[in-house]
Every structure is written in structure tokens, then in C-alpha cells.
Amino acid sequence: MTEYSFVLRYFVPGDRRALERFVESIGASGCTDATVGIDRDGLLALDFTREAESSEEAVRSAIADVEAAAPTAVVIQVVGVDYKPYAELEGMFSLKEPTLTPEELAEQDKEVIEKMRKAGIDERRIEAVFGPGQTSSSR
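Within each chain, residues carry numbers counting from 1 in the order of the written sequence. Local features in this predicted model are restricted to residues whose pLDDT is 70 or higher, and side-chain atom pairs enter the listing and the counts only when it is 80 or higher, whereas totals over whole chains, interfaces and linings include all residues. Excluding hydrogens and water, the side-chain values take into account all heavy atoms of the structure.

## Overview of the overall build of the protein
As a reminder, the rule being used: Secondary structure elements are taken from DSSP: a helix is a run of H or I of four residues or more, a strand is a run of E of two residues or more, and numbering for both begins at the N terminus. Burial classes: relative accessible area under 20% of the type maximum marks a residue as buried, over 50% as exposed, and values in between as partly exposed (1.4 Å probe, protein chains only). Here a residue-residue contact requires only that any non-hydrogen atoms of the pair lie within 4.5 Å. Only the protein chains shown count as cover for residues, and all accessible areas are computed by the Shrake-Rupley method using a 1.4 Å probe.
Scanning the protein for helices and strands turns up five helices and five strands. Burial statistics for the protein: of 139 residues in total, 38% are counted as buried. The long-range fraction of contacts in the protein, counting pairs at least 24 apart against all pairs at least 6 apart in sequence, stands at 64%. Taken as a whole, the protein presents about 7700 Å² of accessible surface, with 51% of it coming from carbon and sulfur.

## Examining a nonpolar patch on the surface
The criterion, for reference: Patch building starts from residues that exceed 30% relative accessible area and form no salt bridge, then joins like charges within 9 Å and nonpolar side chains (Val, Leu, Ile, Met, Phe, Trp, Tyr) within 5 Å. By definition, a salt bridge exists where a carboxyl oxygen of Asp or Glu is found within 4 Å of a side-chain nitrogen of Lys or Arg.
Judged by side-chain polarity, Val23, Val36 and Ile38 come together as a nonpolar surface patch covering roughly 190 Å² of accessible area. Along the polypeptide, Val36 turns up in strand S2 (residues 34–40).

## Thoughts on the pattern of salt bridges
Considering all chains together, one arrives at four salt bridges under this definition. A salt bridge links Arg50 to Asp65, with the nearest nitrogen and oxygen atoms 2.9 Å apart. Taken as a pair, Arg50 in strand S3 (residues 43–52) and Asp65 in helix H2 (residues 55–69) lie far apart in primary sequence, 15 residues in all. Of the charged contacts, one joins Glu114 and Arg117 as a salt bridge, the two residues approaching to 2.7 Å between their closest N and O atoms. One end of the pair, Glu114, and the other, Arg117, are both in helix H3 (residues 102–118), three residues apart, so they sit about a helical turn from each other. For Arg117, a relative accessible area of 18% corresponds to the buried category. Look at the salt bridges and you will find they share partners, linking Asp33, Arg50 and Asp65 into a network.

## Comments concerning helix H1 (residues 16–28)
Each full turn of the α-helix corresponds to 3.6 residues, which orients residues three or four apart in the same direction. The condition that has to hold: Here the expected span of a helix is defined as 1.5 Å times the quantity of residues minus one. What the arc describes is the spread of directions from the helix axis to the C-beta atoms.
Helix length check: H1, at 13 residues, gives a terminal C-alpha distance of 18 Å against a target of 18 Å (1.5 Å per residue), a fit within 8%. Listed in full, the buried residues belonging to H1 are Ala18, Leu19, Phe22 and Ile26. Angular distribution of buried residues about the axis of H1 spans 100°; they occupy a single face of the element. The exposed residues of H1 that point more than 90 degrees off its buried face are Arg17, Arg21, Glu24 and Ala28. Of the residues trailing H1, Gly30 is marked for its positive phi of about 100°.

## Some points on the nonpolar core
Heads up, the rule is: Nonpolar cores are built from buried Ala, Val, Leu, Ile, Met, Phe, Trp, Tyr and Cys residues. Side-chain atoms within 4.5 Å join them into one set.
Counting residues in each nonpolar core, the largest one holds 23 residues, and the members touching the most others are Leu8, Tyr10, Phe22, Leu46 and Phe48. Looking at this core, the elements that each hand over two or more residues are strand S1 (2–11), H1, S3, H2 and strand S4 (74–79). Counting residues per element, this core draws most heavily on H2, which supplies five residues. Discounting chain neighbours no more than four positions away, the residues touching Phe48 are Tyr4, Ser5, Phe6, Leu8, Cys31, Asp33, Ala34, Ala62 and Val66. Among the nonpolar cores identified, the runner-up in size contains nine residues, and Leu43, Ile113, Ile121 and Phe130 belong to it.

Dropping the structure here:
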């Protein structure tokens, strides 16, 4: 087996307590190969180092583990793996380096906002995460 490193970015609906419950449920479910980082209100990243037969298997098993532990969480991006995504994950993959320019960060935020809208997340919640100035410019 090979070790694969990648980041899953999630939106977790709810307040700060919902994020805390998410983090607790991930740990309790046995996802001990991920480091959790809270990005913004409702957005967080799980930095995985997972052993698997392929990078595809590593990512798919991590997503399945997270979904089993926290079914309300919405995966919005997968970063850092080099394989072709399956159709249902199309558009979530970014092979950019973690250090992004301000312009790249703004573009990435726009993409995340659109994915959140497509996932049916309420516009007020999106504004709570990104601020009203950010969300109106991405429409």
C-alpha cells in the first residue's frame, strides 16, 4: 500500500457547536489519519495522509468515512491528489499548491460559493461565511 496526502474541504451547516460536533464525530469514527483545520465559519479542511492501493481509493474511502460520521457535511473541494475524478466529484478537484495569491484565493472563494449554491445551501448562510460583499460579486 502507498500513503496518499490530500485535503478535503467541507461546509458544515450550523453554528460553532455544529463544527465542534463534526470534529468530535470524525475522531470518534476512527478518522485518525486526518488533521482538522477550521478555515472560516462553517468551512473546514481535513488534511489526510491515508494508506490505500490507489489515490482514488484513498480519497473515496476518506469521503465515505466522513459522510458516515457527519452526514450533513458537504464536501466542496479535494486538493492535492493526482488522479481523474469520477463524474460525481467533477469540479471539486484542485491541484494548486496550498500557497495561493490573493487573486487565486478570491477565485477559489467564488468557486466554493457556487458549489455551496449548487448544494442548496441557503444564501444567508453563505453570506455568513464569506460576507455580503463577497457573495454578490460571484453571481
